[in-house]
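Residue-level listing of the chains:
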Amino acid sequence: MKGWKEIPDGGLILEPGNSVEYKTGSWRAKRPVWDKEKCINCLICWIQCPDNAIIVENEKIRGINYDYCKGCGICASICPKEAISMEEEK
Amino acid sequence: MVSLKELSKKEEKLASGHRLCAGCAEPIIVRQILSATDEPVIASNATGCLEVATTIYPYTSWKIPWIHSAFENAASTIAGVEACYQVLKRKGKINREIKFVAFAGDGGTYDIGIQALSGAAERGHDFLYVCFNNEAYMNTGIQRSSATPMGASTTTSPAGSVIPGKKEFPKDLTEIMAAHKIPYVAQGSPGFYNDLIAKAGKAFSIKGPKFMNVIAPCPRGWRHPTDKTIEISKKAVETCFWPLYEVENNEYRLTGISKLIAEGKKEKLPIVEYLKMQGRFKHLFTEKYKHIIPEIQSRIDSDWGILKKKCGY
């Protein structure tokens with residue numbers, strides 16, 4: 001953490017999107033588990049994820065970013081193919 | 001029709017690591033709305049959950065220029081930025097297109113920010129105002145606002161032996177903004193992302209003041225499981241509690257599922273389907289307060305009838 005002499009005036013934050021340094025995945029009580037076989041890459045889970053935690057590359061889902069997923073379960077509840085299930089976090 | 005595959009190639013404008021609750025609708029709405037433009041965007045944000053949780057010092061989740069000033073003036077803040085942009089553009093110091101957005105909750109819009117919003121709309125600034133309507137002051141602990149629906153229990157309208165939750169119906173802010181005769185006013189729901197992104201895209205393409213009122217289920221305040229956010233935001237539309245419509249140059253148009261309901265192609269669900277999913281309405285299912293549900297239903301039916309007429313049905 002920077003001291004008051006080093007921080008910018010006026011409460012400015014000069015690094016866009018630096019909240020990625022803060023990992024919200026530790027909040028999670030339940031973990032979404034993605035089944036690649038059932039997934040049809042409709043990307044509905046991606047557009048409805050509050051935490052950008054669905055990893056999409058080249059129009060295809062590659063997995064779930066557990067660094068940020070808070071385990072809300074929206075993805076599992078809206079998946080048309082039941083390709084995501086929620087499991088207790090150990 | 002919006003292509004999610006195309007959208008997924010764009011860079012996200014809201015980063016992960018924000019501290020909004022699990023299952024919060026607000027970041028979903030931000031992501032959907034900001035995905036609708038490729039131009040650079042500048043945002044102002046009224047005090048509220050979104051502002052607090054996305055910018056906990058020294059972190060920010062915003063990848064776009066973003067400014068917070070106070071609770072009541074998201075609209076005048078962005079109006080000032082936009083006016084500055086117009087001057088710089090006239091002087092030839094900026095020559096690219098920039099879009100301006102104000103984000104605020106229902107507290108910062110329906111109650112505290114309405115004068116700033118109304119003023120900025122009347123002055124004709126070129127900005128899009130998005131209200132995240134979670135129907136109470138969630139950030140400070142679920143106090144009722146003028147957007148809170150009748151019968152909802154909040155910490156300042158607690159359901160108990162004396163009152164059945166909030167006693168008053170909410171005001172219709174979308175209609176108030178439509179009465180400003182601004183170029184574009186719309187109501188949306190994150191559950192129907194196609195509709196919401198299309199509306200945001202349209203709003204970004206229009207010059208002048210634009211207003212979007214978006215329902216934002218809140219697991220903490222509405223007392224529902226975190227995974228039901230999207231389902232509830234859909235139920236709100238399917239019961240006609242929150243119809244999807246737009247007012248473009250004073251012309252009313254129903255959109256999405258609401259249009260299908262008006263045309264008889266889809267069933268209009270009874271309001272119970274919406275109420276029963278949320279703990280804030282659970283007292284309405286007791287002997288003492290069960291008479292409230294028909295009151296809510298009849299208000300919805302009458303409002304829906306009025307809206308349908310405006311839309312030409």
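Provided above is the structure to which this section pertains.
Residues numbered from 1 in each chain as written. Chains lettered and ligands numbered in written order. Predicted model: local features only at pLDDT ≥ 70, side-chain atom pairs only at ≥ 80, totals over all residues. Heavy atoms only, no water.

S.K.: Describe the side chain of Thr77 of chain B, and please don't skip the residues or the numbers.
M.R.: All names here are of chain B. With respect to the helices and strands, the residue Thr77 is situated in helix 4 (residues 74-90). For Thr77, a relative accessible area of 14% puts it in the buried group. A distance of 2.6 Å separates polar atoms of two side chains, one belonging to Thr77 and the other to Ser69. Non-local contacts of Thr77, meaning those with residues more than four positions away in its chain, are made with Ser44, Ile67 and Ser69. (Helix = DSSP H or I, 4+ residues; strand = E, 2+ residues; numbered from the N terminus. Buried < 20%, exposed > 50% of the residue type's maximum accessible area, 1.4 Å probe, protein only. Polar contact = N/O pair within 3.5 Å; in protein donor to acceptor, adjacent residues only side chain to side chain. Contact = heavy atoms within 4.5 Å.)

S.K.: Can you tell me about the layout of surface pockets, naming the residues and giving the values?
M.R.: Taken as a whole, the largest pocket holds about 570 Å³ of empty space. Taken together, 28 residues line the largest pocket, and the ones lying closest to its centre are Pro170, Asp172, Phe241, Pro243 and Asp303 of chain B. Looking at the lining of the largest pocket, the elements with two or more residues in it are helix 7 (173-178) and helix 13 (292-310) of chain B. No other element matches the 8 residues that helix 13 of chain B contributes to the lining of the largest pocket. Its residues assigned to classes, the lining of the largest pocket shows 18 nonpolar, 3 polar and 7 charged. Size it by volume and the second largest pocket reaches roughly 460 Å³. The wall of the second largest pocket is formed by 18 residues, among which Gly11, Leu12 and Ile13 of chain A together with Trp66 and Ile67 of chain B lie closest to the centre. Considering each element in turn, the lining of the second largest pocket owes the most residues, 3 residues, to strand 2 (residues 66-68) of chain B. (1 Å grid on protein atoms, 1.4 Å probe; cavity = no way out; pocket = protein on both sides within 12 Å on 5 of 7 lines; lining within 4 Å. Points joined across faces, edges and corners; volume = space filled by probe spheres on them. Nonpolar A, V, L, I, M, F, W, Y, C, P; charged D, E, K, R; others polar.)

S.K.: Quick rundown of the packing of aromatic side chains? Include the residues and the values.
M.R.: All told, the structure shown has 11 aromatic pairs over all chains when counted by the stated rule. Here Phe71 of chain B and Tyr137 of chain B contribute two aromatic rings whose centre-to-centre distance is 6.1 Å and whose plane-to-plane angle is 70°, an arrangement assigned as edge-to-face. Pair noted here: Phe71 of chain B is in the loop between strand 2 and helix 4 and Tyr137 of chain B is in the loop between strand 4 (128-133) and helix 7, with a separation of 66 residues, a long-range link. Measuring from centroid to centroid gives 6.1 Å for Tyr245 of chain B and Tyr252 of chain B, while their planes differ by 10°, and the two rings are stacked. Like Tyr252 of chain B, Tyr245 of chain B is buried. Between Arg31 of chain B and the ring centre of Trp46 of chain A, over which it is positioned, the NZ or CZ distance is 5.2 Å. Note that Lys234 of chain B overlies the ring of Phe192 of chain B, its terminal NZ or CZ placed 5.9 Å from the centroid. (Phe/Tyr/Trp six-rings, centres within 6.5 Å; stacked < 30°, edge-to-face > 60°. Lys NZ or Arg CZ within 6 Å of the ring centre and 35° of its normal.)

S.K.: Break down unusual backbone geometry for me, citing the residues and quoting the values.
M.R.: All names here are of chain B. For the bond running from Tyr57 to Pro58, omega is 5°, close enough to zero to count as cis. For Pro58, the position within the fold is in the loop between helix 3 (49-54) and strand 2. Even without being glycine, Arg223 reaches a positive phi, approximately 60°. Structurally, Arg223 is set in the loop between helix 9 (219-222) and helix 10 (229-238). Even without glycine at this site, Asn249 takes up a positive phi of about 50°. Summarising the element assignment, Asn249 is placed in the loop between strand 7 (245-248) and strand 8 (251-254). On the accessibility criterion, Asn249 (58% relative accessible area) is exposed.

S.K.: Tell me about the sheet that holds strand 8 of chain B, and please be specific about residues and values.
M.R.: Residues and elements named next belong to chain B. Here 8 strands make up an open sheet; going across it, the order is 2-1-3-4-6-5-7-8 and the pairing mixed. Two strands lie at the open edges of the sheet, namely strand 2 and strand 8, each paired on one side alone. Strand-to-strand twist of the sheet, defined as the mean angle between neighbouring strand axes without regard to direction, takes the value 15°. Where strand 7 and strand 8 come together, 4 bridges link them in antiparallel fashion. Bridging across to strand 8, Tyr245 finds its partner in Leu254. Across the sheet, helix 13 lies against strand 7 and strand 8, angled at about 120° from strand 8, the strand it touches most. (Pairing = 2+ DSSP bridges. Axes fitted to C-alpha atoms, helices over the stretch in contact; angles between N-to-C directions.)

S.K.: Summarise the interface of chain A and chain B; cite the residues concerned and give the values.
M.R.: Listed per partner, the contact involves 36 residues of chain A and 37 residues of chain B. Both faces combined, the contact of chain A with chain B buries some 3200 Å², and carbon together with sulfur accounts for 58% of it. Across the salt bridge formed by Glu59 of chain A and Lys9 of chain B, the nearest N and O atoms sit 2.8 Å from each other. Linking chain A with chain B are 24 residue pairs in polar contact (both at pLDDT 80 or more). For the side of chain A that touches chain B, the secondary-structure elements that each account for two or more residues are helix 1 (44-47) and helix 2 (74-78) of chain A. Across the side of chain A that touches chain B, the residue classes tally to 21 nonpolar, 10 polar and 5 charged. (Buried area = accessible area lost by both parts, 1.4 Å probe. Salt bridge = Lys/Arg side-chain N within 4 Å of Asp/Glu carboxyl O.)

S.K.: Kindly report on empty space enclosed by the protein, identifying the contributing residues and their values.
M.R.: Over the atoms a probe the size of a water molecule is rolled, and this reveals where empty space is left. Within this structure, the stated rule accounts for 4 cavities of 30 Å³ or more. Put simply, the largest cavity is a space of about 170 Å³. Thr47, Gly48, Cys49, Gly105 and Asn139 of chain B are the residues nearest the centre of the largest cavity, which is lined by 21 residues in total. When residues of the lining of the largest cavity are traced back to their parent elements, those giving at least two are helix 3, strand 3 (99-105) and helix 5 (107-111) of chain B. For the lining of the largest cavity, the element with the highest residue contribution is helix 3 of chain B, accounting for 3 residues. The residue makeup of the lining of the largest cavity, split by class, is 9 nonpolar, 9 polar and 3 charged. The volume enclosed by the second largest cavity comes to roughly 130 Å³. Together, Trp46 and Ile47 of chain A together with Leu7, Lys10, Glu11, Glu12, Lys13, Leu14, Val30, Arg31, Leu34 and Ser35 of chain B line the second largest cavity. Looking at the lining of the second largest cavity, the elements with two or more residues in it are helix 1 of chain A together with helix 2 (26-34) of chain B. The dominant element in the lining of the second largest cavity, judged by the number of residues it contributes, is helix 2 of chain B, at 3 residues.

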